[in-house]
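The residues making up each chain are set out below.
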Amino acid sequence: MSVSGMKKQLHKASQLLNERLMGAEGTRMDEDFLKMEKSVAVIHALLVELLSKTTEFLQPNPADRAKLSMLNTMSRMRGQGRSVGYPQTEGMLGDCMTHYGQELGAASEFGGALSVVGETLQQVAQARDTLDVNVKHSFIDPLQDLHNTELKDIRYQLKKLNGRRLDFDYKRRRRGKVPAEELRQAWDKFITSKELAERSMFILLQNDVDQLTRLKALVAALLDFHRNAQRILLGLHGNLQARLTAASNKPERRFRPRKIRIRSEHNGSAGFYQQPSITAAASSGEPVTVLPSRPGSPISCYADSKLVQNQPCCRAMYSFHPNHEGELDFNEGDIIVLTNHVDANWFEGTLGGQSGLFPVSYVDVLVPLPLP
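In this text the structure is predicted, and so the values were computed from the model without any measurement.

(A) Local environment of the overall build of the chain. Along the chain, the regular secondary structure elements total 8 helices and 9 strands. Expressed as a percentage of its 372 residues, the buried residues of the chain come to 32%. Across the chain, contacts joining residues at least 24 apart in sequence account for 60% of those joining residues at least 6 apart. When the accessible surface of the chain is summed, it comes to about 24,400 Å², and 56% of that surface belongs to carbon and sulfur atoms.

What follows is the structure, encoded as structure tokens:
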């Protein structure tokens, strides 16, 4: 900096101190200029916060934003030019559902539905990625450009104007000690800066159409996203309703206990036993009794769980799968409620809500039918 430049800075500082501390009066701008200056200051503060809040709205997790910025910076430094996308919350939830849907497998209705919901949420995440791109292109970038160019230039002009005002007021305060030509030059520079700053602020504040267009573009991008999300989720809702209806209409599967291999403590031999089923009548609230176990009978292996109805019943010693209509299907170990002794070879009974005939030789009567 030259000597004259240093002297000018000292003169400005002197004038500023006199205004702040000694109450010296400086040149006052007209009301219109002050109003425009205040509006420009509000717009500057607005843009700084609006750009930040819009980014947070699109990408709410600050840790992910920081990581994304670092990865993109590293990619540019390496010349890769590869942009890493923000991890949308819908996409992360969709990944979780898809993973566990595949783990459960296609045989599971719940697993299949999880996979479908996961894939749909991935589509919603892609719609959010599109929203990010559209808002950045039509809203964030134009406002960022306004902040970095036009508004930055206005703020520079206002700063320069204030410096020239201080220089003029200093020389005006020292009138008689400062040559008149210097005072006139200071005045000319001050007026020129004021006109430039005033014109720039006027143009900025008259561009409401541009700002409204950008705001409308933001709302349009949000509307497109929500329309797409609604369309995607409505399709998912219909798919899940169809799956629910199909699952509800499937015939109910009846539980059939599997055989358990138990080694005898007496002779070391291995045998298969099956836990007997409780008949459907157990849900009627009728009292049940515990039958005593008999040595050598499979019931002795489950003495703590042999609850049967307090009515005529029998236990299947063998499985019976009928070939004729009207016969009762059962497995070894099932408890069958006896309803009729047809003849010496056939009983009639019920199991699991089904009634039919079955061979006497296939069952062990636990509670006999009353004598006729």
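(B) Inspection of the packing of aromatic side chains at higher detail. Taken as a whole and judged by the stated rule, the model has 8 aromatic pairs. Ring centres of Phe-320 and Tyr-362 lie 5.4 Å apart, and the angle between their planes is 70°; this geometry places the pair in the edge-to-face category. In this pair, Phe-320 is assigned in the loop between β5 (313–316) and β6 (335–341) and Tyr-362 in the loop between β8 (354–359) and β9 (363–367), connecting sequence segments 42 residues apart. When its relative accessible area of 27% is taken as the criterion, Tyr-362 is described as partly exposed.

(C) Inspection of the pattern of salt bridges at higher detail. Under the definition given, this model contains 10 salt bridges. Residue Lys-194 pairs with Asp-30 through a salt bridge whose shortest N-O separation is 3.1 Å. Taken together, the residues span a long stretch of sequence, with Lys-194 in helix α7 (residues 180–205) and Asp-30 in the loop between α1 (3–21) and α2 (31–58) at a distance of 164 residues. With relative accessibility at 32%, the residue Asp-30 sits in the partly exposed group.

(D) The nonpolar core, seen in detail. By size, the foremost hydrophobic cluster in this structure holds 28 residues, and its most contacted members are Phe-33, Val-135, Leu-158, Leu-161 and Met-201. By residue number, the principal contributor to this core is helix α5 (residues 109–148), which donates 8 residues. Among the nonpolar cores identified, the runner-up in size contains 11 residues, and Ala-316, Phe-347, Phe-358 and Val-363 belong to it.

(E) Broad picture of the environment of Met-92. Turning to its location among the elements, Met-92 is positioned in helix α4 (residues 89–104). When its relative accessible area of 44% is taken as the criterion, Met-92 is described as partly exposed. In sequence terms Met-92 and Gly-118 are 26 residues apart; their C-alpha atoms lie 9.1 Å from each other.

(F) Local environment of the side chain of Asp-169. Within the element layout of this structure, Asp-169 appears in helix α6 (residues 150–173). For Asp-169, the side chain forms a polar contact with the side chain of Thr-27, separated by 2.4 Å. With residues up to four places along the chain from it excluded, the contact list for Asp-169 reads Gln-15, Glu-19, Gly-26 and Thr-27.

Reading the values: the criteria
- Residues numbered from 1 in each chain as written.
- Predicted model: local features only at pLDDT ≥ 70, side-chain atom pairs only at ≥ 80, totals over all residues.
- Heavy atoms only, no water.
- Helix = DSSP H or I, 4+ residues; strand = E, 2+ residues; numbered from the N terminus.
- Buried < 20%, exposed > 50% of the residue type's maximum accessible area, 1.4 Å probe, protein only.
- Contact = heavy atoms within 4.5 Å.
- Areas by Shrake-Rupley, 256 points an atom, 1.4 Å probe, with all protein chains shown as cover.
- Phe/Tyr/Trp six-rings, centres within 6.5 Å; stacked < 30°, edge-to-face > 60°.
- Salt bridge = Lys/Arg side-chain N within 4 Å of Asp/Glu carboxyl O.
- Core = buried A, V, L, I, M, F, W, Y, C linked by side-chain atoms within 4.5 Å.
- Polar contact = N/O pair within 3.5 Å; in protein donor to acceptor, adjacent residues only side chain to side chain.

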